[in-house]
Amino acid sequence: AVRKYLDANRPHWAQQQFDAILIRSRSHQFAIPLNDLLSVGLLPPTELARLQLTGAISIQSDGDSGPAYIAHIAKLLLLDSYQRDEPEQLNYLLQLKGSDWGLAVAEVSDRLRIDPDAVHWQVDRGNRPWLAGNLFESHYPLLDLRQLLPVLSRLVPRP
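Draft legend 1. Region of interest: the overall build of the chain. Broken down by element type, the chain carries three helices and 11 strands. In sequence order, the chain lays out its α and β elements as β-β-β-α-β-β-α-β-β-β-β-β-β-α. Counting every position in the chain, which comprises 159 residues, the buried fraction comes to 43%. Restricting the contact set of the chain to residue pairs at least 6 apart, pairs at least 24 apart contribute 57%. Total accessible area computed for the chain in this model is approximately 8,800 Å², and 51% of it derives from carbon and sulfur atoms.

And the structure:
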């Protein structure tokens, strides 16, 4: 159903039903809307090795295909109290549309059709502009990838 009004607390893609996938990293589940994803694929072993050496961000410098930068989603978004020293088995790469970024995650599972009324939307995004809201039933955080991009770009060292 098309809405007859716009809800200012919802991103443009959430004014009507939208598709999302569930991802897992550090045993935390997140919902990611498909509208801002270019592709979902396996994480190449070379990128996994770089992420394990560098921490939260891997920067490709050898002209490989794929995103120029890859972020470990859990190390980037979760509080320090959820971080662990042991390496996480990252398996998938989510490439973001219209950017040089990809997100490394452990698992990609269900595809969901989400009704915007089934989400508790964040009114004040403050320190977490990338957190669009939480799904009512599961309480999984719903990420707004467009709002995550500025956060990611601040992490890249300037030449």
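After that view, the rundown keeps rolling.
Draft legend 2. Highlighting the packing of aromatic side chains. Scanning the model with the defined rule gives three aromatic pairs in all. Grouping aromatic residues by their ring pairs yields a cluster made of Trp-13, Phe-18 and Trp-121.

Draft legend 3. Structural detail: the sheet that holds strand 3 (residues 37-42). As summarised here, the arrangement of the five strands in space is 3-6-7-5-4, forming an open sheet in which the pairing is mixed. Either end of the sheet is taken by a strand with one partner, and the two such strands are strand 3 and strand 4 (57-59). Averaged over neighbouring strand pairs, the angle between their axes works out to 20 degrees when direction is ignored. Here strand 3 pairs with strand 6 (residues 92-96) via five bridges, running antiparallel. Paired with Ser-39 across the two strands is Gln-95, which belongs to strand 6. Where helix 3 (residues 145-153) meets the sheet, it contacts strand 3, strand 5 (69-72), strand 6 and strand 7 (101-105), and its direction lies at approximately 100 degrees from that of strand 7.

Draft legend 4. Unusual backbone geometry, seen in detail. With a phi angle near 55 degrees, Arg-26 is a residue other than glycine that sits in the positive phi range. Within the secondary structure, Arg-26 is located in the loop between strand 1 (18-25) and strand 2 (28-33). The backbone of Ser-27 sits at a positive phi, close to 60 degrees, despite the residue not being glycine. Within the secondary structure layout, Ser-27 lies in the loop between strand 1 and strand 2. Judged by its relative accessible area of 51%, Ser-27 falls in the exposed class.

Draft legend 5. Representation of the environment of Trp-101. Along the chain, Trp-101 turns up in strand 7. Given the relative accessible area of 5%, Trp-101 is considered buried. Residues Trp-101 and Ser-153, 52 residues apart in the sequence, show an inter-C-alpha distance of 8.9 Å.

Draft legend 6. Here's a closer look at the pattern of salt bridges. Counting across every chain of the model gives five salt bridges. One salt bridge connects Arg-111 with Asp-19, and the closest N-O pair in it is separated by 3.2 Å. Remark: Asp-19 occurs in strand 1 and Arg-111 occurs in strand 8 (residues 107-114); sequence separation between them is 92 residues. Owing to a relative accessible area of 24%, Asp-19 belongs among the partly exposed residues under this scheme. Through salt bridges with shared partners, one network takes in Asp-19, Arg-111 and Arg-113.

Draft legend 7. Region of the structure containing the side chain of Gln-95. When you line up the elements, Gln-95 lands in strand 6. In this structure, Gln-95 is in contact with Asp-36, Leu-37, Leu-38, Ser-39, Gly-66, Pro-67, Trp-101 and Gly-102, ignoring residues within four places of it in sequence.

Reading guide: rules and limits
Going along each chain's sequence as written, the residues are numbered from 1 onward. Selection of residues for local features in this predicted model requires a pLDDT of at least 70, selection of side-chain atom pairs for listing and counting requires 80 or more, and totals for whole chains, interfaces and linings are taken over all residues. With hydrogens and water excluded, all non-hydrogen atoms of the structure serve as input to the side-chain values. Only runs of H or I of at least four residues qualify as helices and only runs of E of at least two qualify as strands under DSSP, and these elements are numbered from the N terminus. Throughout, exposure labels follow a simple rule: accessible area from a 1.4 Å probe, protein chains only, divided by the maximum for the residue type, with under 20% read as buried, over 50% as exposed, and the rest as partly exposed. We call two residues contacting when some pair of their heavy atoms lies within 4.5 Å. Note on areas: Shrake-Rupley with a 1.4 Å probe; residue coverage comes only from the protein chains shown. Two rings from Phe, Tyr or Trp (for Trp, the six-membered ring) form a pair when their centres are within 6.5 Å of each other. A pair whose planes differ by under 30 degrees is stacked, one over 60 is edge-to-face, and the rest are tilted. One requirement defines pairing of two strands: DSSP has to find at least two bridges between them. Here an axis means a line fitted to C-alpha atoms, over the contact stretch when the element is a helix, while the angle between two N-to-C directions is reported on a 0 to 180 degree scale. Throughout this description, the term salt bridge denotes a Lys or Arg side-chain nitrogen within 4 Å of a carboxyl oxygen of Asp or Glu.

These results come straight from atomic positions and should not be treated as a statement about function.
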